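Structural description and commentary
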Amino acid sequence: MSAPVIRWENEADLVVIGGGVAGLTAARTASLRGLRVLTLSKGGPADTSTQYAQGGIAVVAPHGDSVESHVEDTVVAGVGLCEPEAVRSIVEGGRGAVAALTDLGAVFDLGRDGEVSRTREGGHSTRRIIHAGGDATGAEVQRALNAAGLPVLFGAAAVRIVTGPRGVQGVVAVSDKGFGVVHAPAVLLATGGLGQLYACSTNPPGATADGIALALRAGATVADLEFVQFHPTVLFTPGGLGRRPLISEAVRGEGAKIVDSQGDSVTDGVHPRGDLAPRDVVSRAIAARLRALGTDHVFLDARAIEGFPQRFPTITASCLAAGIDPRADLIPVAPAAHYQCGGIATDTHGRTTVPGLYAAGEVARTGLHGANRLASNSLLEGLVVGERAGAAASERLGEPGRVGEIGDWEFPRADRKLLQELMTENAGVVRDGDGLRGAVLRLLRLLNDRNGGTRAVSANPPEAPDDPERAHDVSGVIADIEDAALTLTARVMLLAAGARTESRGCHTRSDHPETRDDLRRSVPVRLGPDGRPQLVTAVAEQDTEWGAPVPRAS
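Now for a look at the structure at hand. One numbering rule holds for all chains: residues counted from 1, following each sequence as written. Residues qualify for local features only when their pLDDT is at least 70, as the model is predicted, and side-chain atom pairs are given and counted only at 80 or more; totals for whole chains, interfaces and linings, by contrast, use all residues. Just so you know, side-chain values use all the structure's heavy atoms and leave hydrogens and water out.

Attention now goes to empty space enclosed by the protein. With a 1 Å grid spanning the protein atoms alone, the term cavity applies to any set of points in which a 1.4 Å probe fits but cannot get out, the term pocket to an open set with protein on both sides within 12 Å along at least five of seven lines, and the term lining residue to any residue with an atom within 4 Å of a point. Grid points are joined across faces, edges and corners, and a volume is the space filled by probe spheres set on the points. One pass over the full model with this rule turns up two cavities of 30 Å³ or more. In this structure, the largest cavity occupies an estimated 50 Å³ of space. What lines the largest cavity is Val228, Phe230, Asp280, Ser283, Arg284, Val429, Cys506 and Thr508. When residues of the lining of the largest cavity are traced back to their parent elements, those giving at least two are β14 (228-235) and α9 (279-293). Under the scheme used here, helices are H or I runs from DSSP no shorter than 4 residues and strands are E runs no shorter than 2 residues, and both carry numbers assigned from the N terminus. Sorting elements by how many residues they give to the lining of the largest cavity places α9 first, with three residues.

In this section: the sheet that holds strand β10 (residues 178-183). In spatial order, the strands read β1-β10-β9-β8; together these four strands make up an open sheet with mixed pairing. Pairing within the sheet leaves two strands with one partner each, and these edge strands are β1 (8-11) and β8 (157-164). Sheet twist, expressed as the average angle between the axes of neighbouring strands with direction ignored, equals 25 degrees. As judged from the seven bridges shared by β8 and strand β9 (residues 167-175), these two strands associate in the antiparallel manner. Pairing of valine 162 across the sheet is with glycine 170, part of β9. We treat two strands as partners when DSSP finds at least two bridges between them. Here, axes are lines fitted to C-alpha atoms. For helices the fit covers the stretch in contact, and angles between N-to-C directions go from 0 to 180 degrees.

For a regular strand, the rule is simple: side chains alternate between the two faces of the sheet. Think of it in three bands: residues with accessible area under 20% of the maximum for their type are buried, residues over 50% are exposed, and the middle band is partly exposed, with areas taken using a 1.4 Å probe on protein chains only. Along strand β27 (residues 533-536), one buried face is formed by Pro533 and Leu535 and the opposite face, lined by Gln534 and Val536, is buried too. Across three bridges, strand β26 (residues 524-527) lies against β27 in antiparallel orientation. Across the sheet, residue valine 525 finds its bridge partner in β27, namely leucine 535. Once β26 ends, the chain turns through five residues before running back antiparallel as β27, passing glycine 531 with a positive phi of about 85 degrees.

Below, the discussion takes up helix α13 (residues 416-426). For α13, the full list of buried residues reads Leu419, Gln420, Leu422, Met423 and Asn426. Angular distribution of buried residues about the axis of α13 spans 160 degrees; they occupy a single face of the element. Relative to its buried face, α13 has exposed residues pointing more than 90 degrees away, namely Lys417 and Glu425. Packed against the buried residues of α13 are β23 (430-431), α14 (433-448) and α15 (475-499). We define a polar contact as two N or O atoms separated by no more than 3.5 Å, with the added condition that, inside protein, one atom must be a possible hydrogen donor and the other a possible acceptor, whereas residues neighbouring each other in sequence contribute only through side-chain atom pairs. A distance of 3.2 Å separates the backbone nitrogen of lysine 417 from a side-chain oxygen at the start of α13, and that oxygen is part of aspartate 415. The directions from the helix axis to the C-beta atoms form the arc being described. Contact between two residues is taken to exist if any of their heavy atoms lie within 4.5 Å; hydrogens are not considered.

Moving on: the sheet that holds strand β6 (residues 129-130). Reading across from one edge, β4-β6-β5 is the order of the three strands in this open sheet, with antiparallel pairing throughout. Whereas interior strands pair on both sides, the edge strands pair on one side only; in this sheet they are β4 (57-58) and β5 (118-119). As judged from the two bridges shared by β5 and β6, these two strands associate in the antiparallel manner. Following the sheet pairing, threonine 119 is matched in β6 by isoleucine 129.

What follows deals with the environment of isoleucine 161. Summarising the element assignment, isoleucine 161 is placed in strand β8. What makes isoleucine 161 buried here is its relative accessible area of 4%. Contact partners of isoleucine 161, with chain neighbours within four places excluded, come to Val168, Gly170, Val187, Leu189, Leu214, Ala218 and Leu357.

The subject of this paragraph is the pairing of strand β2 (residues 14-17). Because side chains alternate across β2, one face comprises the buried residues Leu14 and Val16, and the other comprises Val15 and Ile17, equally buried. Where β2 meets strand β3 (residues 37-41), four bridges bridge the pair, whose relative direction is parallel. The partner of valine 15 across the bridge, within β3, is leucine 38.

Here we come to the state of the cysteines. Cysteine sulfur pairs qualify as disulfides if the two atoms are within 2.5 Å. Taken as a whole and judged by the stated rule, the model has zero disulfides. Free cysteine: cysteine 82, not disulfide-bonded; nearest cysteine sulfur from cysteine 341 at 9.2 Å. Of all cysteine sulfurs, the one in cysteine 200 lies closest to cysteine 319, which takes part in no disulfide; the gap is 16 Å.

Now for the packing of aromatic side chains. Only Phe, Tyr and Trp rings are paired, with Trp represented by its six-membered ring, and only when their centres lie within 6.5 Å; those with planes under 30 degrees apart are stacked, over 60 edge-to-face, the remainder tilted. One pass over the full model with this rule turns up four aromatic pairs. With a centroid separation of 6.2 Å and 55 degrees between ring planes, the pair formed by phenylalanine 179 and tryptophan 409 is classed as tilted. Of the two residues, phenylalanine 179 is situated in strand β10 and tryptophan 409 in the loop between α12 (377-392) and β22 (412-413); the sequence distance between them amounts to 230 residues. Neither phenylalanine 179 nor tryptophan 409 differs from the other in exposure class; each is buried. Plain terms: the ring middles of phenylalanine 308 and phenylalanine 312 are 5.1 Å apart, the flat faces sit at 50 degrees to each other, and that makes the pair tilted. Judged by relative accessible area, which is 1%, phenylalanine 308 ranks as buried. An aromatic cluster is built from Phe179, Trp409 and Phe411, whose rings are joined through pairwise contacts. For a Lys NZ or an Arg CZ to count as sitting over a ring, it must be within 6 Å of the ring centre and within 35 degrees of the ring normal. One residue, arginine 217, lies across the ring of phenylalanine 411, its end atom 3.7 Å from the ring centre. A cation over a ring is seen here: arginine 373 above tyrosine 339, with NZ or CZ 4.1 Å from the ring centre.

Let's shift gears to unusual backbone geometry. A positive phi angle, near 50 degrees, is found at valine 79, a position not held by glycine. When you line up the elements, valine 79 lands in the loop between α3 (67-77) and α4 (84-92). The backbone phi angle of aspartate 224 is positive, close to 65 degrees, even though this residue is not glycine. Inspection of the secondary structure puts aspartate 224 in the loop between β13 (222-223) and β14.

With their axes 9 Å apart at the nearest point, α4 and α12 run at an angle of 90 degrees to one another. Our classification of the angle between α4 and α12 gives roughly perpendicular. Each of Ser89, Ile90 and Val91 in α4 lies in contact with α12, whose residues at this interface are Leu380, Glu381, Val384, Val385 and Arg388. Gly falls in the polar group here, along with every residue not listed as nonpolar (Ala, Val, Leu, Ile, Met, Phe, Trp, Tyr, Cys, Pro) or charged (Asp, Glu, Lys, Arg). When the residues that make up the contact of α4 with α12 are grouped by side-chain class, the tally is five nonpolar, one polar and two charged. Here is the rule for angles: anything less than 35 degrees is roughly parallel, anything more than 145 is roughly antiparallel, 65 through 115 is roughly perpendicular, and the remaining ranges are oblique.

Written out as C-alpha cells, the structure is:
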C-alpha cells in the first residue's frame, strides 16, 4: 500500500485524540501549562461515551466514608487484578478533580439540606455517587468541558501514530481536507471504548477501539482486554441493535428490583448485596436465568420509587419512547456490552511503554479497574488521570516532533456486521474455549475472504475537489479505519480470552468456572515484528493465535 498524499499539516506540543472527559481534561491542563494543544475528534461535540454516562462520579463522601472504604470496594470488585497503589492514588485525587470541574461550571444535584446529593450503586458500601440532572451526569460533565472553549478539530480521525528512535513524532490523520500530518512530540489517546465490537452496546457509534489499534501499531502494550463489562440492565426491545439506552445502576440504588418473567428475584441467594452486587455478578445471574427460562430479557421493577420521572428524566424519556411507563410498568432489560476494563497499559499519569505516547480514560489500563470496574469509577478516572496525563506531557517539551517518512501501511479489516455477530455469539457474558477458538478461525476466514467484502484500508481518500475550500466526504475512509481497528482489537481480545482459562470478574468461562491463583495477573499483548498479536509472558512470548496463520497487519 503506497503512502497517502498529504494535503495539510499542523504543529503542536501535544495532540489529544478524543473529545470526552479524559481528552478534554488533559487538553485543558496541558494548555494551562503553556503547551500548544490540538485535539482531534472524529465526531461532533456530543459524540462521546462521556455524554451518555448516567450514574455519576464515585468520589469519597465527606461523612460516613473514607478513602480506605472506596479503595476496598474497588479492589473487591476488581477480583484480584486491581493495583492497590494505583487505586488509592486515583481515589485520593477524586475530590480535587471534582472541585476543578465545579470551577469550570459543572452543576451537581443538591439534596434538601443544600449539600451535594449522593446515591449508591452496585459494589459500593455507601452512598458516594454524585450526579447531575438526575441521570445526566455525563452530559453535564461534557457540557462543562466543552464550554472551556478548547480548540478541537471535529471530523478528524487519527490513522497512525508516527514514532522514531526518541518516541512519538506526530500523527497522520484524515479530515474533510484529506490526509494530513500533525507534527508533535506527544500524543494522548482518549478515544473511549470498544463497544461497537458487539451487536448491542450502550456505547455511541464512535466507540470502535481506535485507541487500542493506534497504540498497538505504535508499539505499545495493551492488557486485560478480555475483561469487557456488560451492563446488566440495558433497555430491551425486540430486535434492538446498535446503541441501546442503559437503565442506570442508580435505579437499583434507589430500590428497584430485578425479576424474571415469573416475577421471581434474579439475584436472591447469588450475592449478599443482591441487586446491588457488582455488575459482573448481576450480568451472570441474568444470563443464567435467561438460559434456564429460554427467554431473552428480564425485568426491572421500579414502580415503588417515588418521583421516578424527576429523579431519572433521561431514563423516563427512553422508556416512554419504547412505550413503557416506569411508574406503572415493568422495564424489560438485558445485559449489553458497556465498558472495557483493560486497555493500553499506563501508569497513573497516563504514560505508556512508548515515549511520548499517553492514554487516559476508558482506553487506558491504569490498574484501577482490575477484572471488573466498580460503578461510576470511570468518570473519576477520566478526570484524575486526564489531568495528570495533560501535565505529564510537558516532559516532552524540547523533544523533536517532526514526522519525516510516513511509509506504507496495510490494515486488514473484516465486515463490521459479521464481526459483531461473531463477537456477540462467542465473546459475550459467558464464553468457552470452543467458541473462542471457533471465533478466531472464523475471523481468519473473514480476513482471507477477499470476495466477502473484506479488504485492507485504502491509504488515499477520494481526490480533493478543484476548490480547496470545498470539503469532500471522507466518511467512508473513516469507517474503513474504524473497521480495521475493531478487527485488530477483536483478534487481541480473543487471544487474551483464550489464554485466561479461568473465570474472574467480567470474564466468565463456562469450561473453566473457577478462579485460578496462578492467573491472578494481567494478560499483556503487543504486536510482533510481523504485525501479529503476541501474548507477553514472563517466560516467553507466544506469537500465534491458537496456532493458526494470521494475515499480516503491518
